[in-house]
Number of protein chains: 2
Amino acid sequence: MARKTGSVGIETAERVLKAASMLFARHGYAAVSMRQIAKEVNLQAGALYNHFETKQSILRALLISHMEALMEEIEAQPEIADPRDALEAFTRFHIRYHIDRPEEVFIAYMELRNLEPGPYREVTVLRQKYERILRDILRRGMATREFAIVDAPVTTMAIISMLTGVNTWFRYGGRLGVDEIENIYVNMVLAVAGTPKPVLRATQNEELA
Amino acid sequence: MARKTGSVGIETAERVLKAASMLFARHGYAAVSMRQIAKEVNLQAGALYNHFETKQSILRALLISHMEALMEEIEAQPEIADPRDALEAFTRFHIRYHIDRPEEVFIAYMELRNLEPGPYREVTVLRQKYERILRDILRRGMATREFAIVDAPVTTMAIISMLTGVNTWFRYGGRLGVDEIENIYVNMVLAVAGTPKPVLRATQNEELA
DNA sequence: TTATTAAATGAACGTTTGTTTAATTAATAA
DNA sequence: TTATTAATTAAACAAACGTTCATTTAATAA
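Presented here is an overview of the structure given in this document. (Residues numbered from 1 in each chain as written. Chains lettered and ligands numbered in written order. Predicted model: local features only at pLDDT ≥ 70, side-chain atom pairs only at ≥ 80, totals over all residues. Heavy atoms only, no water.)

A word on the relation of the copies chain B and chain A. In screw terms, the move from chain B to chain A is a rotation of 180° and a rise of 0.0 Å along the axis, fitting with an RMSD of 0.1 Å. Read as a symmetry element, the transformation amounts to a two-fold axis. Among all C-alpha atoms of chain B, that of M162(B) lies closest to the rotation axis, at 2.3 Å. (Least-squares fit on C-alpha atoms with pLDDT ≥ 70 in both.)

The structure is reproduced here in structure tokens:
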């Protein structure tokens, strides 16, 4: 079949995606050449075309599999009846999931515009499906009067922006660990939903710098 | 001097920046060629080099002038002593300023990595200076015990992400006008700071969709 | 008018781009 | 072993890239 077979080994296609993800995140889709990707996986540029039709299809595979994996993962989460608990769980899930996939998240944001119309719509649909999960939690909390929210769609986008924003500054080994960050954001998200945690409302932990 | 002189007219360099801003925002820095920019201002590619040393210097000019204009504008705002009022003013300023400059904002986020180290640092310094304005407001509110904030730096980033996120979905002519959006975000930001507006805490305006 | 100068053209530069193709390699199936 | 097939290489393709340059154009200054 192939050149080298290290027992099982990771599929070449997967290694290509991994390399492309790293390079696209670092330099941007348009700035990365097929030869750069090939070099990263010790291949010639031409060999990439045994695994992907075009450069575009590599980007498409990255974006769509990222969104599909996100949806699969969140749908595997246990359903939670109480709106406050559901909102807290969503917050923790979003931060944890995104903080460990900075490259994919970055690409999903930045390179959408480089996708052809078809795949672009696919990704957009998946994204809206994800956003609806949060919006429905907010709506449920509004219905039970546990949440005090002025506008559910806007609040949905606000919360997601806030949470995804963690990726722009978080680095492992920094002042705060993931758990601490999760806790801080749970506080803020519940406050945005109009049901702040009573205990922490009064708290005032000061940090330096 | 030049080819055509329409009485005064906008400087060619400014028209180049305008065109580059539009194209970079739409397709990304790396994906836009000097010939595309030139065509947009009815010039040949070579003529651009009478106004800019390199393609890089166009990007640099865009990013730095965007950040400098932002700083100039916010420093021109009146100082507000009360932390809650200052936070509200900051929120309104940030939304208004960014909502009307979607291209520049987008580029400032996405193309930083395409800047050479020198200009990159320049932009980063300006951005941190801007973030410090918000952080200082939060700190002042914590000192007076008006705010209940767990971590000022994290809250600063969370608020800025939340506010800048408006640009990803806002379109003029949509369901909400700028004023309404400002009001909604003021509520959410004050809540994040731990001092929600009492009146609106109990409110529950439902929208459709 | 003439001299000077800034701006623009259009062609060319050497590279690099994504992609294709014929030939070669190595693994599997018969 | 032989035949088949998938994967890879290396070379080539035309097109596009950022940038340079000699030349031309048109405006200003003397």
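Residues and elements named next belong to chain A. On the surface, E68, E72, E73 and E122 cluster together into a negatively charged patch. For the negative patch, the element with the most residues is helix α3 (residues 55–75), which contributes three residues. For E73, the location among the structural elements is in helix α3. (Patch = residues over 30% accessible without salt bridge, like charges linked within 9 Å, V, L, I, M, F, W, Y side chains within 5 Å. Areas by Shrake-Rupley, 256 points an atom, 1.4 Å probe, with all protein chains shown as cover. Salt bridge = Lys/Arg side-chain N within 4 Å of Asp/Glu carboxyl O. Lys, Arg positive; Asp, Glu negative; His and termini not counted. Charge placed at Lys NZ, Arg CZ, Asp CG, Glu CD. Helix = DSSP H or I, 4+ residues; strand = E, 2+ residues; numbered from the N terminus.)

Across the contact, 51 residues belong to chain B and 51 residues belong to chain A. When chain B packs against chain A, close to 4000 Å² is buried across both sides, 56% of that on carbon and sulfur atoms. Seen at the junction of chain B and chain A, the total is four salt bridges. For R113(B), the salt bridge identified is with E111(A), shortest N-O distance 3.4 Å. Remark: the boundary between chain B and chain A carries eight residue pairs in polar contact (both at pLDDT 80 or more). Classifying every residue of the side of chain B that touches chain A gives 28 nonpolar, twelve polar and eleven charged. (Contact = heavy atoms within 4.5 Å. Buried area = accessible area lost by both parts, 1.4 Å probe. Polar contact = N/O pair within 3.5 Å; in protein donor to acceptor, adjacent residues only side chain to side chain. Nonpolar A, V, L, I, M, F, W, Y, C, P; charged D, E, K, R; others polar.)

Looking now at the side chain of T91(A). Residues and elements named next belong to chain A. Mapped onto the fold, T91 is located in helix α4 (residues 83–99). Here T91 falls in the buried class, since its relative accessible area comes to 0%. Excluding anything up to four places from it in sequence, T91 contacts L163, Y185, V186 and V189. (Buried < 20%, exposed > 50% of the residue type's maximum accessible area, 1.4 Å probe, protein only.)

What sets the pattern is the α-helix's 3.6 residues per turn: residues three or four places apart point alike. Residues and elements named next belong to chain A. Here helix α6 (residues 117–143) contains 27 residues, and its C-alpha end-to-end distance of 37 Å stays within 8% of the 39 Å for a straight helix at 1.5 Å per residue. Buried within α6 are the following residues: P119, V123, L126, Y130, E131, L134, I137, L138, G141 and M142. Where α6 is buried, its residues touch α3, α4 and α7 (152–164). The first or second residue beyond α6 is R145, which carries a positive phi of 65°. (Expected span 1.5 Å × (residues − 1).)

Residues and elements named next belong to chain B. Between helix α1 (residues 12–27) and helix α5 (residues 102–110), the least distance of the axes is 9 Å, while the angle of their chain directions is 60°. Comparing the axis directions of α1 and α5 gives the class oblique. Of the two elements, α1 crosses α5, and the hand of that crossing is left-handed. On the side of α1, the interface is formed by S21, M22, F24 and A25, while α5 contributes E103, E104, F106 and I107. Its residues assigned to classes, the contact of α1 with α5 shows five nonpolar, one polar and two charged. (Axes fitted to C-alpha atoms, helices over the stretch in contact; angles between N-to-C directions. Parallel < 35°, antiparallel > 145°, perpendicular 65-115°, else oblique. Left-handed = near helix turned anticlockwise from the far one by under 90°.)

Everything listed here is a matter of geometry and, on its own, says nothing about what the molecule does.
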